[in-house]
Amino acid sequence: KTALGDVNVANDMTISNSSTYLTGSNQTSVTGATTVSATLEIGNGIYHSEGGFSATGNINFTSNGILRFKDVSPTSLGTLDNTNGKVIYKQNATNVLADDYYTLRIIDAGAERNAQGNITVAGNFLIGNSAEFNLGSNNLTLTGDADINGVLDFDNGGVFELDGEFDATGGTVKFTGAGGALNLGGTLTSLGTFTENTGKLVLGGSSSQTIPDTETFYDLQINNNSGVSLAAAISVNGTLTLGNGDLTTSGNALTITSSMSGGNASGHVVGPVKYSSSSTNSCIIALGDGSNLRPVVLKANAATSTVYTVTYATGIPSGATIDWVNHPSGVEITGSNARYCNNNYYFDITPTVVVSTDITLDYGGLTSPGSGNGYLLHYNSSTNKWEELSSSSTGSTVTGTATSFSPFGQGSGGNALDVDLVSFNGVCSNSEVALEFVVASQTNNDYFTIERSADAQEWVTLSQIPGLGNTTAQINYYWKDETPLAGISYYQLSQTDYDGTREVFHPIAVECEV
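Here is a short report on the structure shown in this document.

**Looking at the overall build of the protein**
Phase 1: Along the backbone of the protein there are zero helices and 59 strands.
Phase 2: A compact globule built from 514 residues should have a C-alpha radius of gyration of about 24 Å, whereas the protein, at 32 Å, is more than 25% larger.
Phase 3: Across its three principal directions, the C-alpha atoms of the protein cover 100 × 70 × 30 Å.
Phase 4: Burial statistics for the protein: of 514 residues in total, 48% are counted as buried.
Phase 5: In the protein, of all internal contacts separated by at least 6 residues, the share reaching a separation of at least 24 is 34%.
Phase 6: Total accessible area on the protein is roughly 20800 Å²; 43% of this is exposed by carbon and sulfur atoms.

**Remarks on the sheet that holds strand 34 (residues 240–242)**
Phase 1: With parallel pairing, the nine strands of this open sheet are ordered in space as 13-16-19-22-25-28-31-34-37. Sheet topology places strand 13 (100–101) and strand 37 (261–262) at the edges, where each strand pairs with a single neighbour.

**Quick notes on the pattern of salt bridges**
Phase 1: The final tally for this structure, using the stated rule, is six salt bridges.
Phase 2: Here E451 and R502 are joined by a salt bridge, their closest N and O atoms 3.0 Å apart. A residue pair is termed long-range when its members are at least 10 positions apart, and E451 in strand 54 (residues 442–453) and R502 in strand 58 (residues 502–504) qualify at 51 residues.
Phase 3: Using a relative accessible area of 44% as the deciding quantity, one classes R502 as partly exposed.

**Considerations on the nonpolar core**
Phase 1: Ranked by size, the top nonpolar core spans 96 residues in total, and within it Y89, Y101, F133, F160, F166 and L240 carry the most contacts.
Phase 2: When sequence neighbours within four positions are dropped, the list of residues in contact with Y101 reads L77, L80, N82, V87, Y89, V96, I119, T120, V121 and A122.
Phase 3: Grouped together as the second largest cluster of nonpolar side chains are 16 residues, V439, F448, Y491 and V510 included.

**Some words on the sheet that holds strand 52 (residues 421–429)**
Phase 1: The antiparallel open sheet is built from three strands, whose spatial order is 52-53-56. Of all strands in the sheet, those bounded by a partner on one side alone are strand 52 and strand 56 (475–481). Going from strand to strand, the sheet's axes swing by 15 degrees on average, the running direction of each strand aside.
Phase 2: Summarising the sheet, strand 53 (residues 432–439) and strand 56 pair through seven bridges and their orientation is antiparallel.

**Observations regarding the pairing of strand 40 (residues 282–288)**
Working note: regular strand, side chains alternate between the two faces of the sheet.
Phase 1: Within strand 40, five of the seven residues are buried, leaving the element largely enclosed by the surrounding structure.
Phase 2: By the bridge criterion, seven bridges tie strand 40 to strand 41 (residues 293–300) in an arrangement that is antiparallel. Following the sheet pairing, A286 is matched in strand 41 by P295.
Phase 3: The turn linking strand 40 back onto strand 41 is made up of four residues, and G290 within it adopts a positive phi angle of 100 degrees.

**Points about the side chain of E132**
Phase 1: Residue placement: E132 occurs in strand 18 (residues 132–134).
Phase 2: When its relative accessible area of 15% is taken as the criterion, E132 is described as buried.
Phase 3: Not counting residues within four places of it along the chain, the set of residues in contact with E132 comprises I106, E112, R113, V151, D153 and K174.

**Remarks on the environment of I256**
Phase 1: Relative to the helices and strands, I256 resides in strand 36 (residues 254–256).
Phase 2: Residue class for I256 comes out buried when judged on its relative accessible area of 1%.
Phase 3: I256 sits 21 residues away from S277 along the chain, and the two C-alpha atoms are 8.8 Å apart.
Phase 4: Excluding residues that lie within four positions of it along the chain, I256 makes contacts with V236, L240, V273, K274, Y275, S276, C283 and I285.

**What about the pairing of strand 52?**
Phase 1: Here eight bridges tie strand 52 to strand 53, and the two strands are oriented antiparallel to one another. Bridge pairing in strand 53 links F424 to F437.
Phase 2: Count of turn residues in the strand 52/strand 53 antiparallel hairpin: two residues, of which N430 carries a positive phi of about 55 degrees.

**Considerations on the environment of L376**
Phase 1: Within the secondary structure layout, L376 lies in strand 47 (residues 374–380).
Phase 2: Given a relative accessible area of 0%, L376 falls into the buried group.
Phase 3: With 169 residues separating them in the primary sequence, L376 and S207 have C-alpha atoms 39 Å apart.
Phase 4: Other than its neighbours up to four places away in sequence, L376 contacts I359, L361, E387, E388, L389, S391, V398, G400, F408 and G409.

**So, the side chain of N134**
Phase 1: When you line up the elements, N134 lands in strand 18.
Phase 2: Accessibility expressed as a relative area gives 4% for N134, which makes it buried.
Phase 3: Within polar-contact distance, the side chain of N134 engages the side chain of N114 at 2.9 Å.
Phase 4: In this view, N134 contacts E112, R113, N114, A115, D153 and D155; residues no more than four positions away in its chain are not counted.

**With respect to unusual backbone geometry**
Phase 1: Notably, S18 is not glycine yet its phi reads approximately 65 degrees, a positive angle.
Phase 2: For S18, the location among the structural elements is in the loop between strand 2 (13–15) and strand 3 (20–22).

**Quick look at the packing of aromatic side chains**
Each aromatic ring pair is specified by the distance between its two centres and by the angle formed by the two planes.
Phase 1: Enumeration over the complete set of coordinates arrives at 20 aromatic pairs.
Phase 2: Here the aromatic rings of F69 and Y89 are separated by 5.4 Å at their centres, their planes lie at 50 degrees, and the arrangement is tilted. With a gap of 20 residues between them, F69 in strand 9 (residues 66–70) and Y89 in strand 11 (residues 86–90) connect regions that are remote in the sequence. Just as F69 is buried, Y89 falls in that class too.
Phase 3: Measuring from ring centre to ring centre gives 5.4 Å for Y312 and Y345, while their planes differ by 45 degrees; the resulting arrangement is tilted.

**Examining the environment of Y47**
Phase 1: Along the chain, Y47 turns up in strand 7 (residues 46–49).
Phase 2: C-alpha separation for the pair Y47 and G469, spaced 422 residues apart in sequence, amounts to 82 Å.
Phase 3: Those residues in contact with Y47, other than ones at most four positions away along the chain, are M13, Y21, T23, T28, V30, T34, L40, I42, F53, I66, L67 and R68.

Parameters and conventions
Residues numbered from 1 in each chain as written. Predicted model: local features only at pLDDT ≥ 70, side-chain atom pairs only at ≥ 80, totals over all residues. Heavy atoms only, no water. Helix = DSSP H or I, 4+ residues; strand = E, 2+ residues; numbered from the N terminus. Rg over C-alpha atoms; globule rule 2.2 N^0.38 Å. Buried < 20%, exposed > 50% of the residue type's maximum accessible area, 1.4 Å probe, protein only. Contact = heavy atoms within 4.5 Å. Areas by Shrake-Rupley, 256 points an atom, 1.4 Å probe, with all protein chains shown as cover. Pairing = 2+ DSSP bridges. Salt bridge = Lys/Arg side-chain N within 4 Å of Asp/Glu carboxyl O. Core = buried A, V, L, I, M, F, W, Y, C linked by side-chain atoms within 4.5 Å. Axes fitted to C-alpha atoms, helices over the stretch in contact; angles between N-to-C directions. Polar contact = N/O pair within 3.5 Å; in protein donor to acceptor, adjacent residues only side chain to side chain. Phe/Tyr/Trp six-rings, centres within 6.5 Å; stacked < 30°, edge-to-face > 60°.

From the geometry alone we can't say anything about function, so treat these as descriptive.
Here it is as structure tokens:
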């Protein structure tokens, strides 16, 4: 049966006995109950239900039709078409059924609408002005965009996950229950009026994402290979978790109150971090330069309220000068144990209220000084010298206690803090192997050696390349093997200091047809 115009049913409507009812482009309004055991087909029109709706048959949309529930919730939707059409829960139709929808809308004032189970939306999702949708403990998975003009309430630990744009401009997003997560894979336009409680925001897109507004989060998780940036200041009162992709502050304040979780070479904070402390707990701050992880651990020795600003910086502190002739360390060090310092990067650490603080740095990108030979250095801007602090070290990290604050860096009483190899690559072309290696800086470097092997066991020296002694400049080196071995060959690079100390780097394999 096909409606030839608008149809108003004052009582009940039943679609049964293998029949099909087609709305066409018209509106069918049913005041009583609707029962569908056959097929309801909604074209460009509207099927409006006010007295209850139960379907065990098929609900199809041939175009942009609308199935709308008002005042009385449906009890079942049968086999619902999720490739077209809109389903609308209006006013007091409070129970939003678990199902696969194409477009889902929650509109108008009235009783709060509540998810009755897990919901999948293949198109877009809307919460209209004055409407409130409670997710409960359920998951809502959305392929398209979310437009939140009313209230989205994570009232019982549910998860809202979408691939498209999330825009809560003029709306409200609140976590009123324990837990809950908002997982965003697309553009975050606005979180509207945001209440974090104990909820989590996860940014896990495949394209770069931006947090656009000043917000306070409980938990924030970054898992985006393309990175996340800040367009305004944010605070994280729970845990900031760093997976893949960097969080770039872009000159905006990032404030944390506890240790970061995770952190690696491909996932760390690029830019300053503020750590608000009022305890003696240790706080791990995963800083870096976009390619390398450079973590800092702070532990106040008194439960004094203070805010540390921690910044990673390359090079040497302002006012310092490199003088290899008079100081083998480059920048002068005062103290009886530290012989070398890190001239490649340092940390500015400044608290709002000075409190004795244990600072731990690792030797990332540096040659380990050896266990017991590491020292924490504090830069004195009045004397323009590094000062050795009382320290303990494991070989890979060093911890010292600071009572005055300015730049901090790593020192060594053993090995010079040569920077590790940045890269070593080889390519075969025209029966020749072109080798390239990049070093970030050199300390007491006499020469490099290139060796070759057919089995990565027995090595033959091919060339020695002079080093530059001491320099903080990154240098690219090139060398060509014009008579390579047929098949797979192994190339090994080593570096030798003036005192004969030799460091061997991991070999690379190159296959070449000769």
